[in-house]
Amino acid sequence: MEIKKIAEMESIWKERQTRAALLVCGASFRSRGLYAELRETAEKAGTRLTEFSDFAPNPRYESVVKGVRLFAEEQCDFIIAAGGGSAMDVAKCIKLFWNLDPDRNYLEQEIVENEVPLLAIPTTAGTGSEATRFAIIYYEGNKQSVAHAGCIPDYVLLDASLLDTLPEYQRKATMLDALCHALESYWCVSSTKESREYAAEAIREVFRYQRAYLANERAGNEGMLRAANTAGRAINLTQTTAGHAMCYKLTTLYGLAHGHAAALCVAALWPYMIAHIEDCTDPRGASWLRKMFQEIAEAMGCKDAEDAVRTYGEFLEGLKLPVPVLREERELELLTRSVNPDRLKNHPVLLTGETLEMLYRRILKAD
(Lines give C-alpha, C1' and ligand atoms only; values in the text may rest on other atoms or scores of the structure.)
Protein backbone atom coordinates (compact mmCIF):
# COMPACT_ATOMS: atom_id res chain seq x y z
CA MET A 1 0.00 0.00 0.00
CA GLU A 2 1.46 3.36 -1.00
CA ILE A 3 0.89 6.25 1.38
CA LYS A 4 1.22 9.87 0.24
CA LYS A 5 2.41 11.43 3.50
CA ILE A 6 3.76 10.17 6.79
CA ALA A 7 0.80 11.58 8.73
CA GLU A 8 -1.31 8.76 7.27
CA MET A 9 0.56 6.35 9.54
CA GLU A 10 -1.17 7.78 12.62
CA SER A 11 -4.48 6.14 11.77
CA ILE A 12 -2.74 2.95 10.58
CA TRP A 13 -0.82 2.60 13.83
CA LYS A 14 -3.92 3.32 15.90
CA GLU A 15 -5.95 0.78 13.94
CA ARG A 16 -3.21 -1.84 14.36
CA GLN A 17 -2.74 -0.87 18.01
CA THR A 18 0.98 -0.59 17.37
CA ARG A 19 2.86 -0.28 20.66
CA ALA A 20 6.45 0.12 19.46
CA ALA A 21 8.12 0.47 16.07
CA LEU A 22 11.75 -0.22 15.20
CA LEU A 23 13.13 2.48 12.90
CA VAL A 24 16.04 1.16 10.82
CA CYS A 25 17.78 4.15 9.31
CA GLY A 26 21.12 5.75 8.58
CA ALA A 27 22.37 8.80 10.47
CA SER A 28 21.62 11.14 7.57
CA PHE A 29 17.88 10.45 7.80
CA ARG A 30 17.78 12.12 11.23
CA SER A 31 18.63 15.47 9.66
CA ARG A 32 15.63 15.40 7.34
CA GLY A 33 12.31 17.06 8.04
CA LEU A 34 10.53 13.77 7.46
CA TYR A 35 12.31 12.30 10.49
CA ALA A 36 10.73 14.90 12.78
CA GLU A 37 7.36 14.30 11.12
CA LEU A 38 7.73 10.58 11.69
CA ARG A 39 8.46 11.03 15.40
CA GLU A 40 5.56 13.45 15.77
CA THR A 41 3.16 11.08 14.01
CA ALA A 42 4.27 8.17 16.18
CA GLU A 43 3.75 10.22 19.31
CA LYS A 44 0.22 11.16 18.24
CA ALA A 45 -0.54 7.49 17.60
CA GLY A 46 0.86 6.44 20.96
CA THR A 47 3.59 4.42 19.25
CA ARG A 48 7.08 4.33 20.76
CA LEU A 49 9.97 4.59 18.30
CA THR A 50 13.23 2.70 18.83
CA GLU A 51 16.05 3.49 16.40
CA PHE A 52 18.62 1.10 14.96
CA SER A 53 21.55 2.37 12.89
CA ASP A 54 24.31 -0.10 13.70
CA PHE A 55 24.98 -1.23 10.15
CA ALA A 56 27.13 -0.19 7.20
CA PRO A 57 26.88 -0.36 3.40
CA ASN A 58 26.90 -4.01 2.30
CA PRO A 59 25.47 -4.89 5.73
CA ARG A 60 26.84 -7.83 7.66
CA TYR A 61 24.89 -10.68 9.18
CA GLU A 62 26.09 -9.62 12.63
CA SER A 63 24.33 -6.26 12.24
CA VAL A 64 21.06 -8.01 11.50
CA VAL A 65 21.50 -10.16 14.61
CA LYS A 66 21.87 -7.00 16.71
CA GLY A 67 18.74 -5.56 15.11
CA VAL A 68 16.74 -8.72 15.81
CA ARG A 69 17.88 -8.64 19.44
CA LEU A 70 16.85 -4.98 19.81
CA PHE A 71 13.48 -5.64 18.17
CA ALA A 72 12.79 -8.38 20.71
CA GLU A 73 14.14 -6.49 23.73
CA GLU A 74 12.01 -3.43 22.97
CA GLN A 75 8.94 -5.61 22.27
CA CYS A 76 8.43 -3.96 18.90
CA ASP A 77 5.53 -4.93 16.67
CA PHE A 78 6.25 -2.78 13.59
CA ILE A 79 9.35 -2.04 11.46
CA ILE A 80 10.24 1.08 9.48
CA ALA A 81 13.07 1.10 6.92
CA ALA A 82 14.24 4.59 5.95
CA GLY A 83 17.27 4.79 3.71
CA GLY A 84 18.92 3.19 0.71
CA GLY A 85 19.40 -0.46 -0.06
CA SER A 86 21.38 -1.25 3.10
CA ALA A 87 18.68 0.02 5.48
CA MET A 88 16.06 -1.85 3.47
CA ASP A 89 18.06 -5.08 3.50
CA VAL A 90 18.65 -4.94 7.25
CA ALA A 91 15.02 -4.12 8.05
CA LYS A 92 13.75 -6.91 5.79
CA CYS A 93 16.02 -9.46 7.42
CA ILE A 94 15.02 -8.34 10.91
CA LYS A 95 11.40 -8.92 9.93
CA LEU A 96 12.13 -12.36 8.49
CA PHE A 97 14.41 -13.52 11.33
CA TRP A 98 12.89 -12.11 14.51
CA ASN A 99 10.69 -15.16 15.26
CA LEU A 100 13.36 -17.78 14.44
CA ASP A 101 15.65 -19.57 16.89
CA PRO A 102 18.25 -17.00 18.06
CA ASP A 103 20.68 -19.77 19.07
CA ARG A 104 21.05 -20.97 15.49
CA ASN A 105 22.28 -19.29 12.32
CA TYR A 106 19.26 -17.51 10.88
CA LEU A 107 20.49 -18.12 7.33
CA GLU A 108 20.29 -21.89 7.90
CA GLN A 109 16.70 -21.84 9.16
CA GLU A 110 13.46 -21.99 7.22
CA ILE A 111 11.57 -18.69 7.27
CA VAL A 112 8.38 -18.80 9.33
CA GLU A 113 5.74 -16.35 8.09
CA ASN A 114 4.92 -13.57 10.57
CA GLU A 115 2.54 -10.63 10.71
CA VAL A 116 4.97 -7.83 11.60
CA PRO A 117 4.20 -4.93 9.21
CA LEU A 118 7.00 -3.11 7.36
CA LEU A 119 6.97 0.49 6.15
CA ALA A 120 9.63 1.37 3.53
CA ILE A 121 10.81 4.95 2.93
CA PRO A 122 13.50 4.94 0.20
CA THR A 123 15.98 7.82 0.30
CA THR A 124 17.58 6.96 -3.05
CA ALA A 125 16.11 6.28 -6.48
CA GLY A 126 17.78 3.05 -7.43
CA THR A 127 17.36 -0.20 -5.55
CA GLY A 128 13.58 -0.46 -5.80
CA SER A 129 13.90 -2.55 -2.65
CA GLU A 130 10.62 -1.14 -1.38
CA ALA A 131 8.90 -3.26 -4.05
CA THR A 132 10.83 -6.54 -3.83
CA ARG A 133 11.05 -9.75 -1.83
CA PHE A 134 14.85 -9.73 -1.83
CA ALA A 135 17.54 -8.66 0.63
CA ILE A 136 21.34 -8.90 0.49
CA ILE A 137 23.58 -9.31 3.54
CA TYR A 138 27.14 -10.53 3.96
CA TYR A 139 28.14 -13.51 6.10
CA GLU A 140 31.85 -14.16 6.67
CA GLY A 141 32.61 -11.90 3.72
CA ASN A 142 30.32 -13.72 1.31
CA LYS A 143 27.17 -12.29 -0.21
CA GLN A 144 23.98 -13.99 0.95
CA SER A 145 20.75 -13.48 -0.98
CA VAL A 146 17.63 -13.73 1.14
CA ALA A 147 14.35 -14.07 -0.74
CA HIS A 148 10.88 -14.39 0.74
CA ALA A 149 7.53 -12.80 -0.05
CA GLY A 150 7.17 -12.04 3.64
CA CYS A 151 9.65 -9.16 3.42
CA ILE A 152 7.81 -7.20 0.73
CA PRO A 153 6.92 -3.94 2.52
CA ASP A 154 3.27 -3.53 3.53
CA TYR A 155 3.48 0.27 3.23
CA VAL A 156 5.63 2.49 1.01
CA LEU A 157 6.22 6.24 1.11
CA LEU A 158 7.87 7.75 -1.99
CA ASP A 159 8.97 11.23 -0.91
CA ALA A 160 11.07 13.00 -3.56
CA SER A 161 12.31 15.61 -1.07
CA LEU A 162 14.56 12.92 0.42
CA LEU A 163 16.60 12.92 -2.80
CA ASP A 164 17.48 16.64 -2.57
CA THR A 165 20.78 16.09 -0.77
CA LEU A 166 22.03 13.01 -2.65
CA PRO A 167 25.74 13.31 -3.50
CA GLU A 168 26.40 13.44 -7.25
CA TYR A 169 28.10 10.03 -7.44
CA GLN A 170 25.35 8.30 -5.47
CA ARG A 171 22.72 10.04 -7.60
CA LYS A 172 24.29 8.67 -10.79
CA ALA A 173 25.00 5.18 -9.43
CA THR A 174 21.50 4.61 -8.06
CA MET A 175 19.92 5.76 -11.33
CA LEU A 176 22.08 3.22 -13.16
CA ASP A 177 20.98 0.51 -10.73
CA ALA A 178 17.33 1.20 -11.58
CA LEU A 179 18.08 1.14 -15.31
CA CYS A 180 20.03 -2.13 -15.07
CA HIS A 181 17.19 -3.71 -13.07
CA ALA A 182 14.78 -2.83 -15.87
CA LEU A 183 17.06 -3.97 -18.71
CA GLU A 184 17.98 -7.27 -17.07
CA SER A 185 14.39 -7.98 -16.10
CA TYR A 186 13.27 -7.39 -19.69
CA TRP A 187 15.71 -9.75 -21.38
CA CYS A 188 15.83 -12.46 -18.69
CA VAL A 189 14.69 -16.05 -19.14
CA SER A 190 11.98 -15.69 -16.48
CA SER A 191 10.32 -12.59 -17.95
CA THR A 192 6.54 -12.44 -18.23
CA LYS A 193 4.14 -10.07 -19.95
CA GLU A 194 3.57 -8.28 -16.63
CA SER A 195 7.27 -7.99 -15.77
CA ARG A 196 8.10 -6.63 -19.24
CA GLU A 197 5.39 -3.99 -18.91
CA TYR A 198 6.97 -2.82 -15.65
CA ALA A 199 10.49 -2.99 -17.11
CA ALA A 200 9.60 -1.06 -20.28
CA GLU A 201 7.90 1.68 -18.26
CA ALA A 202 10.93 1.95 -15.98
CA ILE A 203 13.29 2.24 -18.98
CA ARG A 204 11.13 5.00 -20.46
CA GLU A 205 10.99 6.83 -17.12
CA VAL A 206 14.76 6.72 -16.57
CA PHE A 207 15.47 8.30 -19.94
CA ARG A 208 12.54 10.71 -19.65
CA TYR A 209 13.64 12.11 -16.30
CA GLN A 210 17.41 11.61 -16.27
CA ARG A 211 18.33 15.22 -17.14
CA ALA A 212 15.98 16.77 -14.58
CA TYR A 213 17.05 14.20 -12.01
CA LEU A 214 20.76 14.85 -12.52
CA ALA A 215 19.99 18.57 -12.20
CA ASN A 216 18.27 17.83 -8.86
CA GLU A 217 14.95 19.23 -10.03
CA ARG A 218 11.82 18.20 -8.13
CA ALA A 219 10.07 16.71 -11.17
CA GLY A 220 13.19 14.71 -12.01
CA ASN A 221 13.51 13.37 -8.49
CA GLU A 222 9.85 12.36 -8.43
CA GLY A 223 10.13 10.68 -11.83
CA MET A 224 13.32 8.76 -10.99
CA LEU A 225 11.93 7.62 -7.65
CA ARG A 226 8.93 6.23 -9.53
CA ALA A 227 11.20 4.64 -12.17
CA ALA A 228 13.21 2.83 -9.49
CA ASN A 229 10.02 1.59 -7.85
CA THR A 230 8.68 0.34 -11.18
CA ALA A 231 11.96 -1.42 -11.96
CA GLY A 232 11.77 -2.99 -8.51
CA ARG A 233 8.34 -4.37 -9.34
CA ALA A 234 9.86 -5.92 -12.47
CA ILE A 235 12.75 -7.69 -10.74
CA ASN A 236 10.44 -8.81 -7.95
CA LEU A 237 8.79 -10.98 -10.60
CA THR A 238 11.91 -12.05 -12.48
CA GLN A 239 15.12 -11.41 -10.53
CA THR A 240 18.20 -10.10 -12.34
CA THR A 241 20.76 -11.68 -14.69
CA ALA A 242 24.51 -11.72 -15.30
CA GLY A 243 24.86 -7.94 -14.99
CA HIS A 244 24.15 -8.17 -11.29
CA ALA A 245 25.79 -11.57 -10.81
CA MET A 246 29.04 -10.13 -12.15
CA CYS A 247 28.99 -6.79 -10.36
CA TYR A 248 29.23 -7.74 -6.68
CA LYS A 249 32.95 -8.54 -6.57
CA LEU A 250 33.69 -5.42 -8.63
CA THR A 251 32.21 -3.32 -5.83
CA THR A 252 34.44 -4.82 -3.15
CA LEU A 253 37.64 -5.06 -5.21
CA TYR A 254 37.51 -1.55 -6.66
CA GLY A 255 35.31 0.38 -4.25
CA LEU A 256 32.55 1.04 -6.76
CA ALA A 257 28.93 1.73 -5.91
CA HIS A 258 26.65 -1.17 -6.75
CA GLY A 259 24.77 0.56 -9.58
CA HIS A 260 28.01 1.82 -11.13
CA ALA A 261 29.46 -1.70 -11.17
CA ALA A 262 26.25 -3.21 -12.57
CA ALA A 263 26.19 -0.62 -15.36
CA LEU A 264 29.75 -1.44 -16.41
CA CYS A 265 28.86 -5.13 -16.55
CA VAL A 266 25.75 -4.48 -18.64
CA ALA A 267 27.82 -2.34 -21.03
CA ALA A 268 30.05 -5.35 -21.72
CA LEU A 269 27.29 -7.96 -21.72
CA TRP A 270 24.74 -6.31 -23.99
CA PRO A 271 26.80 -6.16 -27.23
CA TYR A 272 28.16 -9.65 -26.50
CA MET A 273 24.62 -11.04 -26.25
CA ILE A 274 23.57 -9.44 -29.52
CA ALA A 275 26.66 -10.83 -31.27
CA HIS A 276 26.11 -14.32 -29.82
CA ILE A 277 22.36 -14.64 -29.97
CA GLU A 278 22.75 -18.15 -31.40
CA ASP A 279 23.87 -19.18 -27.89
CA CYS A 280 20.42 -18.30 -26.54
CA THR A 281 19.44 -20.28 -23.42
CA ASP A 282 15.87 -19.00 -23.23
CA PRO A 283 13.47 -21.88 -24.12
CA ARG A 284 11.49 -19.39 -26.19
CA GLY A 285 14.38 -19.29 -28.65
CA ALA A 286 16.76 -16.88 -30.37
CA SER A 287 14.00 -15.22 -32.40
CA TRP A 288 12.20 -14.45 -29.15
CA LEU A 289 15.34 -12.92 -27.65
CA ARG A 290 15.93 -10.89 -30.79
CA LYS A 291 12.38 -9.56 -30.39
CA MET A 292 13.10 -8.66 -26.75
CA PHE A 293 16.15 -6.63 -27.75
CA GLN A 294 14.07 -4.79 -30.34
CA GLU A 295 11.37 -3.97 -27.76
CA ILE A 296 14.00 -2.66 -25.36
CA ALA A 297 15.33 -0.45 -28.15
CA GLU A 298 11.85 0.93 -28.77
CA ALA A 299 11.38 1.66 -25.05
CA MET A 300 14.61 3.68 -25.25
CA GLY A 301 13.43 5.51 -28.37
CA CYS A 302 16.01 3.73 -30.55
CA LYS A 303 15.55 2.13 -33.99
CA ASP A 304 17.17 -1.25 -33.27
CA ALA A 305 19.26 -3.23 -30.78
CA GLU A 306 22.59 -1.94 -32.06
CA ASP A 307 21.33 1.64 -31.77
CA ALA A 308 20.17 0.92 -28.21
CA VAL A 309 23.63 -0.40 -27.27
CA ARG A 310 25.26 2.74 -28.69
CA THR A 311 22.79 4.97 -26.88
CA TYR A 312 23.39 3.16 -23.60
CA GLY A 313 27.16 3.44 -24.04
CA GLU A 314 26.94 7.18 -24.76
CA PHE A 315 24.61 7.64 -21.80
CA LEU A 316 27.05 5.85 -19.48
CA GLU A 317 30.07 7.69 -20.89
CA GLY A 318 28.28 11.01 -20.46
CA LEU A 319 28.05 10.44 -16.71
CA LYS A 320 31.88 10.60 -16.57
CA LEU A 321 32.22 7.84 -14.02
CA PRO A 322 35.66 6.31 -13.41
CA VAL A 323 36.45 2.93 -14.93
CA PRO A 324 38.50 0.56 -12.76
CA VAL A 325 41.77 -0.77 -14.16
CA LEU A 326 43.07 -4.31 -13.73
CA ARG A 327 45.97 -4.27 -11.28
CA GLU A 328 47.06 -7.89 -11.40
CA GLU A 329 46.00 -11.02 -13.26
CA ARG A 330 44.81 -12.86 -10.17
CA GLU A 331 41.95 -10.37 -9.88
CA LEU A 332 40.45 -11.87 -13.03
CA GLU A 333 40.29 -15.27 -11.36
CA LEU A 334 38.72 -13.76 -8.24
CA LEU A 335 36.10 -11.99 -10.31
CA THR A 336 35.27 -14.97 -12.49
CA ARG A 337 34.97 -17.35 -9.53
CA SER A 338 32.73 -14.91 -7.67
CA VAL A 339 29.86 -15.19 -10.16
CA ASN A 340 26.97 -17.24 -8.78
CA PRO A 341 26.10 -19.95 -11.36
CA ASP A 342 22.46 -19.95 -10.21
CA ARG A 343 22.12 -16.31 -11.24
CA LEU A 344 23.40 -17.19 -14.72
CA LYS A 345 20.49 -19.58 -15.25
CA ASN A 346 18.27 -16.52 -15.71
CA HIS A 347 20.63 -14.98 -18.26
CA PRO A 348 19.41 -15.49 -21.85
CA VAL A 349 22.79 -16.17 -23.50
CA LEU A 350 25.27 -18.87 -22.45
CA LEU A 351 28.26 -17.56 -20.50
CA THR A 352 31.20 -19.88 -19.85
CA GLY A 353 34.00 -19.22 -17.39
CA GLU A 354 36.20 -18.26 -20.30
CA THR A 355 33.58 -15.81 -21.54
CA LEU A 356 33.20 -14.23 -18.10
CA GLU A 357 36.96 -13.68 -17.90
CA MET A 358 36.93 -12.07 -21.35
CA LEU A 359 34.05 -9.78 -20.33
CA TYR A 360 35.85 -8.73 -17.16
CA ARG A 361 38.90 -7.90 -19.28
CA ARG A 362 36.71 -5.60 -21.37
CA ILE A 363 35.20 -3.99 -18.29
CA LEU A 364 38.65 -3.36 -16.83
CA LYS A 365 40.09 -2.19 -20.17
CA ALA A 366 42.60 -5.03 -20.09
CA ASP A 367 41.86 -6.69 -23.44
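Our subject is the structure listed above.
As the structure is a computational prediction, the values presented were derived from the model and not from experiment.

## Structural notes on the side chain of Lys92
Relative to the assigned elements, Lys92 resides in helix H4 (residues 85-97). Although Lys92 lies buried, it forms no salt bridge, and the closest oppositely charged side chain, Asp89, sits 5.5 Å away as judged by the N-O distance. Filtering out sequence-adjacent residues up to four positions away, Lys92 remains in contact with Leu118, Ser129, Thr132, Arg133, Phe134, Ala135, Cys151 and Pro153.

## Re helix H7 (residues 218-238)
With 21 residues, H7 should reach 30 Å at 1.5 Å per residue; the first-to-last C-alpha distance of 31 Å fits that figure. Taking burial as the measure, the 21 residues of H7 include 15 buried ones, the bulk of the element. After H7 finishes, the residue Gln239 shows a positive phi value of roughly 70 degrees.

## Digging into the pattern of salt bridges
In the structure shown here, the tally under the stated rule is 23 salt bridges. Residue Arg19 pairs with Asp77 through a salt bridge whose shortest N-O separation is 3.5 Å. With Arg19 in the loop between helix H1 (9-16) and strand S2 (20-25) and Asp77 in the loop between helix H3 (61-73) and strand S4 (78-83), the pair connects residues that are 58 residues apart, well separated along the chain. For Asp77, a relative accessible area of 19% translates into the label buried. Lys66 is the partner of Asp54 in a salt bridge, and the nearest nitrogen-oxygen pair spans 3.1 Å.

## Re the nonpolar core
Membership of the largest hydrophobic core comes to 103 residues, with the highest contact counts inside it found for Ile80, Met246, Trp270, Phe293 and Tyr312. Of all the elements, helix H9 (residues 258-275) adds the most residues to this core, at 12 residues. Each residue touching Phe293, except ones within four places of it in the same chain, is listed here: Trp187, Trp270, Met273, Ile274, Ile277 and Ala305. Formed by 32 residues, the second largest nonpolar core is a distinct cluster that contains Phe52, Phe71, Cys93 and Leu100.

Rules behind the numbers
- Residues numbered from 1 in each chain as written.
- Predicted model: local features only at pLDDT ≥ 70, side-chain atom pairs only at ≥ 80, totals over all residues.
- Heavy atoms only, no water.
- Helix = DSSP H or I, 4+ residues; strand = E, 2+ residues; numbered from the N terminus.
- Buried < 20%, exposed > 50% of the residue type's maximum accessible area, 1.4 Å probe, protein only.
- Lys, Arg positive; Asp, Glu negative; His and termini not counted.
- Salt bridge = Lys/Arg side-chain N within 4 Å of Asp/Glu carboxyl O.
- Contact = heavy atoms within 4.5 Å.
- Expected span 1.5 Å × (residues − 1).
- Core = buried A, V, L, I, M, F, W, Y, C linked by side-chain atoms within 4.5 Å.

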